[in-house]
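Listed below are the residues making up each chain.
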Amino acid sequence: MLTIDKLSEVIDFGREESKKILSKPYIEYFHQRERILPKKADSTPSSTFPNQFYQGDNLIVMKKLLEEGYRGKIDLIYIDPPFFTKAKYKSKIFLYPHKGEDVIEHFAYDDTWEEGFSSYLKMLSTRLFLMRELLSERGTIYVHLDYRTVHYVKIIMDQIFGGENFLNEIIWAYKSGGVSKRYYSRKHDTILVYTKGADYIFNPQKEKSYNRGFKPYRFKGVKEYKDELGWYTLVYLKDVWQIDMVGRTSKERVGYDTQKPEKLLERIILTSSNEDSLVADFFAGSGTTGVVAEKLNRRWIMADIGKQSTLTTVKRLIENSSNPFYIYKADVRDEKAGKLYLKMIEVKKDKGKIFLKIELDRYEVDLNKISLKAKDRELIHRIWKENSLSLLDFIGIDTDYKGNSPDLRWQYYRKNKENLDSSIYIEVDQLKEGQEVFIRYIDVFGKDNSVVYKIEGDKAIING
């Protein structure tokens, strides 16, 4: 695929390209910032290193982080970049126009490379140089790959992080469908592990090791345990991990093609970070890294260029009662986004309490601006005519909008095979004349838009 001399060119390219990026002043790219507070509390995120998700090119994200003081601050980086599969990946969109379920596939990300393998490696090499700058002196980086690229990337990482800092090659073995009569069935991925230096965080984890014949050994000084399979001891993790994939019937499954299991990230995060460590994933996909980091009391930064990644991740974090986090996006307005119409938005008072009542009317979207297969376009058009609100996936609301960066303290999203409720009631402390209400809405394709209303009496009108 690529000769050794060409590999040297790839490394040189990544080094020079990363130097150019570092030498240039940062020009603000992420013009849209919103804070999401899943617990609907007054929790204030760390002003120094808040949890944050970026929708955009991770090169720009890393440049921004370096400019803002994150150099040497991240204890753990896990990335699951494209595998050079030469395929286009999709996410499944589940639709519930009435009773029953319809499913379509929508573009998630592209793993095709017009200029071939060399361009793929140059992309990754440049980013790895920047990740080294972000990694703390006690930090570790995990790069998740498969047989197509791992041997080439191993050489690149030896040059960037130093061969002496190579820690492990982890084999993640799993069961999945598909076998071959022409070669051994490929049922594992490889994770390359490098540290920044010799003094790295490492909290050894243990796993079950079953006794031969599942019978007790009764060795002196050896503690043994028993489960439904038989007797076992606890030993430190080996470099081969047998962990199930996120299968079709898994409760974790969110319909994202390349979703990784939480147990895999749990092992990585527990081993190579401490509580309150900062963890990063610059190819976030379905957001598993942030979800697990949150559960384990780590702070996190994630980035992904895909809109479906953002929508999937935000919903997972809310579902798991995450701490407050920021969402950064490049586009203030998406030209392909639809428009939400309301029947009314008014102030209600009942038994001394104040409520904001919002009645949704319809969602209008130009399907010609969305890339869909012909059969899916027909289905979506029918659903849109029958129940256009079923194409909405998320609504976030700031009832006291001050301009610029809204606080979305109230979130409504599709779950449990149910659409968004067309009636929304929000109890608030106060609603005064001139107060502004910000509504962010995102459809099932990840296209987002917003509208601002101003309170006038007991009604609210569109501001401007």
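A brief structural summary. Remember, predicted model here, so these are calculated numbers, not experimental data.

What about the pattern of salt bridges?
Any two side chains of opposite charge can pair, so long as their charged atoms come close to each other. Using the criterion set out here, one finds 33 salt bridges in the structure. With a closest N to O distance of 2.9 Å, Lys-208 and Asp-227 form a salt bridge. Of the two residues, Lys-208 is situated in strand β9 (residues 206–210) and Asp-227 in the loop between β10 (225–226) and β11 (231–236); the sequence distance between them amounts to 19 residues. Overall, Asp-227 belongs to the buried group, its relative accessible area being 14%. With a closest N to O distance of 3.3 Å, Arg-316 and Glu-262 form a salt bridge. Of this pair, Arg-316 sits in helix α7 (residues 307–319) while Glu-262 sits in helix α5 (residues 262–272), placing them 54 residues apart in sequence. Take Arg-316 and Glu-262: they sit in the same class, and that class is buried.

Remarks on the packing of helix α1 (residues 4–23) against helix α3 (residues 117–134)
Between two packed helices, what matters for the description is the angle formed by their axes and the separation of those axes. Where α1 meets α3, the axes come as close as 8 Å, and the angle between the chain directions of the two elements is 50°. Taken together, the axes of α1 and α3 lie oblique to each other. Where α1 crosses over α3, the handedness of that crossing is right-handed. Contacts between α1 and α3 involve Leu-7, Val-10, Ile-11, Phe-13, Gly-14, Arg-15, Glu-17, Ser-18, Ile-21 and Leu-22 from the first element and Ser-118, Leu-121, Lys-122, Ser-125, Thr-126, Phe-129, Leu-130 and Glu-133 from the second. Grouping the amino acids of the contact of α1 with α3 by side-chain chemistry returns 9 nonpolar, 5 polar and 4 charged.

Description of the packing of aromatic side chains
Each aromatic ring pair is summarised here by two numbers: the centre-to-centre distance and the angle between the ring planes. Enumeration according to the criterion identifies 17 aromatic pairs in this entry. For the pair Tyr-225 and Tyr-232, a centre-to-centre distance of 5.6 Å together with 25° between the ring planes defines the contact as stacked. Assessed through its relative accessible area of 28%, Tyr-225 is described here as partly exposed. Every member of this aromatic cluster is reached through a ring pair, and the members are Tyr-29, Phe-30, Tyr-54, Tyr-326 and Tyr-328. Here the guanidinium or amino end of Lys-154 rests over the ring plane of Phe-166, the centre of that ring lying 4.2 Å away. Here the basic side chain of Lys-206 rests over the ring of Tyr-236, its NZ or CZ set 5.1 Å away from the ring centre.

Describing the pairing of strand β20 (residues 410–413)
Side chains of β20 alternate between two faces, with Trp-410 and Tyr-412 and Gln-411 and Tyr-413 buried alike. Where strand β18 (residues 392–398) and β20 come together, 4 bridges link them in antiparallel fashion. In the strand pairing of β20, Gly-396 is matched with Gln-411.

With respect to a nonpolar patch on the surface
A contiguous nonpolar surface patch, about 280 Å² in accessible area, is contributed by Tyr-210, Phe-214 and Leu-229. Looking at where Phe-214 falls in the secondary structure, it is placed in the loop between β9 and β10. By relative accessible area, Phe-214 is classed as partly exposed at 40%.

So, the side chain of Thr-310
Secondary-structure assignment places Thr-310 in helix α7. Discounting residues that sit within four places of it in the chain, Thr-310 has contacts with Phe-53, Gln-55, Ile-327 and Lys-329.

Quick notes on the sheet that holds strand β13 (residues 278–281)
The 11 strands are arranged β12-β7-β8-β6-β3-β13-β14-β2-β15-β1-β19 in an open sheet whose pairing can be described as mixed. The sheet terminates laterally at β12 (240–242) and β19 (407–408), the two strands that pair on one side only. The sheet contact formed by strand β1 (residues 32–36) and strand β15 (residues 325–329) spans 5 bridges and is antiparallel. If you follow Glu-34 over to β15, its bridge partner there is Ile-327. Across the sheet, helix α4 (residues 150–162) lies against β6 (135–145), β7 (166–173) and β8 (188–195), angled at about 10° from β8, the strand it touches most. Sheet strands touched by helix α6 (residues 288–295): β3 (74–79), β13 and β14 (299–304). Its angle to β14, the strand with the most contacts, is close to 170°.

Definitions and cut-offs
Residues numbered from 1 in each chain as written. Predicted model: local features only at pLDDT ≥ 70, side-chain atom pairs only at ≥ 80, totals over all residues. Heavy atoms only, no water. Salt bridge = Lys/Arg side-chain N within 4 Å of Asp/Glu carboxyl O. Helix = DSSP H or I, 4+ residues; strand = E, 2+ residues; numbered from the N terminus. Buried < 20%, exposed > 50% of the residue type's maximum accessible area, 1.4 Å probe, protein only. Axes fitted to C-alpha atoms, helices over the stretch in contact; angles between N-to-C directions. Parallel < 35°, antiparallel > 145°, perpendicular 65-115°, else oblique. Left-handed = near helix turned anticlockwise from the far one by under 90°. Contact = heavy atoms within 4.5 Å. Nonpolar A, V, L, I, M, F, W, Y, C, P; charged D, E, K, R; others polar. Phe/Tyr/Trp six-rings, centres within 6.5 Å; stacked < 30°, edge-to-face > 60°. Lys NZ or Arg CZ within 6 Å of the ring centre and 35° of its normal. Pairing = 2+ DSSP bridges. Patch = residues over 30% accessible without salt bridge, like charges linked within 9 Å, V, L, I, M, F, W, Y side chains within 5 Å. Areas by Shrake-Rupley, 256 points an atom, 1.4 Å probe, with all protein chains shown as cover.

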